[in-house]
Number of protein chains: 2
Amino acid sequence: MSMANPSDGVKGPLTSDQDGSIPLNFGIIVFPGFQALDAFGPLDALNTLAFTLPLNLSIIAATLDPVSTKPPSIPEIKFHQSIVPTHTFTTAPPLDVLIIPGGRGTVDPSIQFAIDFVARVYPSLKYLITVCTGSGIAARAGVLDGRRATTNKLRWASIVELRPQVKWISHARWVVDGNVWTSAGVSAGLDVVFGFIAEVYGEQTAERLANHLEYKRHTDPSWDPFAELHGLTDS
Amino acid sequence: MSMANPSDGVKGPLTSDQDGSIPLNFGIIVFPGFQALDAFGPLDALNTLAFTLPLNLSIIAATLDPVSTKPPSIPEIKFHQSIVPTHTFTTAPPLDVLIIPGGRGTVDPSIQFAIDFVARVYPSLKYLITVCTGSGIAARAGVLDGRRATTNKLRWASIVELRPQVKWISHARWVVDGNVWTSAGVSAGLDVVFGFIAEVYGEQTAERLANHLEYKRHTDPSWDPFAELHGLTDS
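Note that the coordinates shown come from a computational prediction; the quantities given were computed from them, not determined experimentally.

### Considering the pattern of salt bridges
So, step 1. Scanning all chains against the criterion turns up 14 salt bridges over all chains.
So, step 2. For Arg163(B), the salt bridge identified is with Asp145(B), shortest N-O distance 2.8 Å. Of the two residues, Arg163(B) sits in the loop between helix 4 (156-160) and strand 9 (167-168) while Asp145(B) sits in the loop between helix 3 (134-140) and strand 8 (148-149), which places them 18 residues apart along the sequence.
So, step 3. Overall, the relative accessible area of 32% leaves Asp145(B) in the partly exposed class.
So, step 4. In this structure, the salt-bridge partner of Arg217(B) is Glu203(B), at a minimum N-O distance of 3.0 Å. Placement of Arg217(B) in the loop between helix 6 (203-212) and helix 7 (225-229) and of Glu203(B) in helix 6 is noted, with a sequence separation of 14 residues between them.
So, step 5. Among the residues examined, Arg217(B) registers a relative accessible area of 12% and is labelled buried.
So, step 6. Residue Glu203(B) is classed as partly exposed on the basis of its relative accessible area of 40%.
So, step 7. When salt bridges that share partners are traced, they join Glu203(A), Glu207(A) and Arg217(A) into one network.

Okay, here's the thing in structure tokens:
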């Protein structure tokens, strides 16, 4: 690849999918009031992987207008950032991997468009990754039914009640069930994406990228001091 | 404050500055090829603080066009995100705190506009915070001369040679010298901003926000396994 520096090369084994190809086509949903780090933790690990693999990213929203981290319920906030979508829920291309962040916007009525999108595209995905209360979007789309999953620990009660058909796991940094990877709150998005990269692109690649981000990964998916902090038990 | 939920209230003591006010007006510089997590780690901690304090954020760039994480030197990259600036280097309002991220774009000739901006506004700031190779921008602006500072450990050699007048500290997650907070690579932006929040807004506030992000802070500024990984010694 012309973009690759030999010293940045992928050193780990690449695990191919059932159809023999590694996932290259990523999408992320954004909506007003998404939590910035939920999105940019995983995205920046993948930004760095994209220096050595020809990954594609679609940033998917209701419209192509910039999407702010400002929660719709708190319009007076003057500290927020806006990201530019590349596709809408109706123009999004086929995806291998869909990432769903959380945030206060997940409780806004407009989140229904994201829920409908997830329900529609999930069958065509190779993998689904949720961060924080993004698992509530996946849960409401029905794609977590019968699966083990986790979510944000501060908002635990309000998420698990959305969908009792999900086997909610309280003490987990992240949970893998089939092709669905769900993680705990906000910064857990970094750990789940490194876990995903280790599984799909190889442990050496995950470690190289984590060192690049100077991030000390939590590699134990059951590590969760925040479940303990909030005194949670499985539902 | 009307935006505050009582349960989200600031519980820690607020330390006022010399002029008796706490810093509320933040700015961040962005440029093509900025590293996403360098920016969005600190910003998301502050986004969360802004739910209980009336913080303002200016996103400052060369123009008001969206600014991509795509490095100018790698135009073929198809995995990147764009953030929308609110001000240019000529329209930026007075700031209490300026945040400077790093990234591959710091080696592009166009970074000179950011360097000139930092040199110009530094005297009016209460605090300067740099993340990763963002310290190279501050160094080239001359504002780190005679100060202790740190930077990204993977790019260590290329940064420290930019400005020998800086007292570069190799083994550090972050370094504070006067009103300048410099941090190590990428994810170190989270630890430096929580250290800053603890110092300026109170330890209890920092801990509350870190728990909100489900982030286990590195609270020891000398913690740095990445300096060891790269076998670094102070210049």
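Here the narrative resumes, following the displayed structure.
### Points about the side chain of Arg217(B)
All names here are of chain B.
So, step 1. A distance of 3.0 Å separates polar atoms of two side chains, one belonging to arginine 217 and the other to glutamate 203.
So, step 2. Within polar-contact distance, the side chain of arginine 217 engages the side chain of glutamate 207 at 2.7 Å.
So, step 3. Those residues in contact with arginine 217, other than ones at most four positions away along the chain, are Asp191, Phe194, Ala198, Glu203, Ala206, Glu207 and Ala210.

### Concerning the sheet that holds strand 11 (residues 180-183) of chain B
All names here are of chain B.
So, step 1. The 7 strands are arranged 5-2-1-6-7-11-10 in an open sheet whose pairing can be described as mixed. Strands at the two margins of the open sheet, each flanked by one partner only, are strand 5 (87-88) and strand 10 (174-177).
So, step 2. Both strand 1 (residues 25-29) and strand 6 (residues 97-100) contribute to a ladder of 3 bridges, which runs parallel. Counted as the bridge partner of isoleucine 28 is isoleucine 99 from strand 6.
So, step 3. Sheet strands in contact with helix 5 (residues 188-201) are strand 1, strand 6, strand 7 (127-130), strand 10 and strand 11, and its direction is about 155° off that of strand 11.

### Let's talk about the environment of Asn179(A)
Residue and element names in this part refer to chain A.
So, step 1. The residue asparagine 179 is located in the loop between strand 10 (174-177) and strand 11 (180-183) in this model.
So, step 2. The exposure class of asparagine 179 is buried, given its relative accessible area of 19%.
So, step 3. Setting aside residues up to four positions removed in sequence, asparagine 179 forms contacts with Tyr122, Leu125, Lys126, Tyr127, Leu128 and Arg147.
So, step 4. Only 3.2 Å separates the side chain of asparagine 179 from the backbone oxygen of lysine 126, close enough to count as a polar contact.

### Observations regarding the sheet that holds strand 5 (residues 87-88) of chain A
Residues and elements named next belong to chain A.
So, step 1. One open sheet holds the 7 strands; their spatial order is 5-2-1-6-7-11-10, and the pairing between them is mixed. Edge positions in the open sheet fall to strand 5 and strand 10, since each of these has one partner strand only.
So, step 2. Sheet analysis places strand 2 (residues 56-61) next to strand 5, joined by 2 bridges and oriented parallel. The residue of strand 5 that forms the bridge with isoleucine 60 is histidine 87.
So, step 3. Sheet strands in contact with helix 2 (residues 112-121) are strand 1 (25-29), strand 2 and strand 6 (97-100), and its direction is about 155° off that of strand 6.

### Concerning the UniProt feature "domain: DJ-1/PfpI" (unreviewed entry) in chain A
So, step 1. UniProt's entry tags residues 28-194 of chain A with the feature "domain: DJ-1/PfpI" (unreviewed entry), counted in the numbering of this structure.
So, step 2. As annotated, residues 28-194 of chain A has a helix share of 26% and a strand share of 20%, and its two end C-alpha atoms lie 16 Å apart.

### Considering the environment of Ala36(A)
So, step 1. Note that Ala36(A) resides in helix 1 (residues 36-49).
So, step 2. Along the backbone, Ala36(A) and His80(A) are 44 residues apart, and their C-alpha atoms lie at a distance of 9.0 Å.
So, step 3. The residues touching Ala36(A), leaving out its near neighbours within four places in the chain, are Thr69(A), Gln81(A), Phe40(B), Asp44(B) and Asn47(B).

### Here's the deal with the interface of chain A and chain B
So, step 1. With 56 residues of chain A in contact, the opposing surface of chain B contributes 56 residues.
So, step 2. Of the roughly 4,700 Å² buried at the junction of chain A and chain B (both faces included), carbon and sulfur atoms supply 62%.
So, step 3. Ranking the residues of chain A by area buried against chain B places Phe51(A), Phe79(A) and Glu214(A) at the top, with a combined share of 18%.
So, step 4. Across the contact surface, chain A and chain B share 0 salt bridges.

### Notes on helix 1 (residues 36-49) of chain B
Counting along an α-helix, one turn takes 3.6 residues, and residues three or four places apart therefore face a common direction.
So, step 1. Between the first and last C-alpha of helix 1 of chain B there are 20 Å, a value that for 14 residues agrees with the 20 Å anticipated at 1.5 Å per step.
So, step 2. Counting buried positions along helix 1 of chain B yields 14 of 14 residues, so the element is predominantly enclosed.

### What about the confidence of the model for chain A?
All names here are of chain A.
So, step 1. Looking at chain A, the pLDDT average stands at 92 and 91% of residues meet or exceed 70.
So, step 2. Low confidence marks residues 1-18, where pLDDT is under 50. Its contacts with residues over four positions away, or in another chain, come to 41 contacts.
So, step 3. Listed scores for the predicted complex are pTM 0.92 and ipTM 0.90.

What counts as what
- Residues numbered from 1 in each chain as written.
- Chains lettered and ligands numbered in written order.
- Predicted model: local features only at pLDDT ≥ 70, side-chain atom pairs only at ≥ 80, totals over all residues.
- Heavy atoms only, no water.
- Salt bridge = Lys/Arg side-chain N within 4 Å of Asp/Glu carboxyl O.
- Helix = DSSP H or I, 4+ residues; strand = E, 2+ residues; numbered from the N terminus.
- Buried < 20%, exposed > 50% of the residue type's maximum accessible area, 1.4 Å probe, protein only.
- Polar contact = N/O pair within 3.5 Å; in protein donor to acceptor, adjacent residues only side chain to side chain.
- Contact = heavy atoms within 4.5 Å.
- Pairing = 2+ DSSP bridges.
- Axes fitted to C-alpha atoms, helices over the stretch in contact; angles between N-to-C directions.
- UniProt positions renumbered as here; feature names shortened; annotations may be inferred.
- Buried area = accessible area lost by both parts, 1.4 Å probe.
- Expected span 1.5 Å × (residues − 1).
- pLDDT = per-residue confidence, 0-100.

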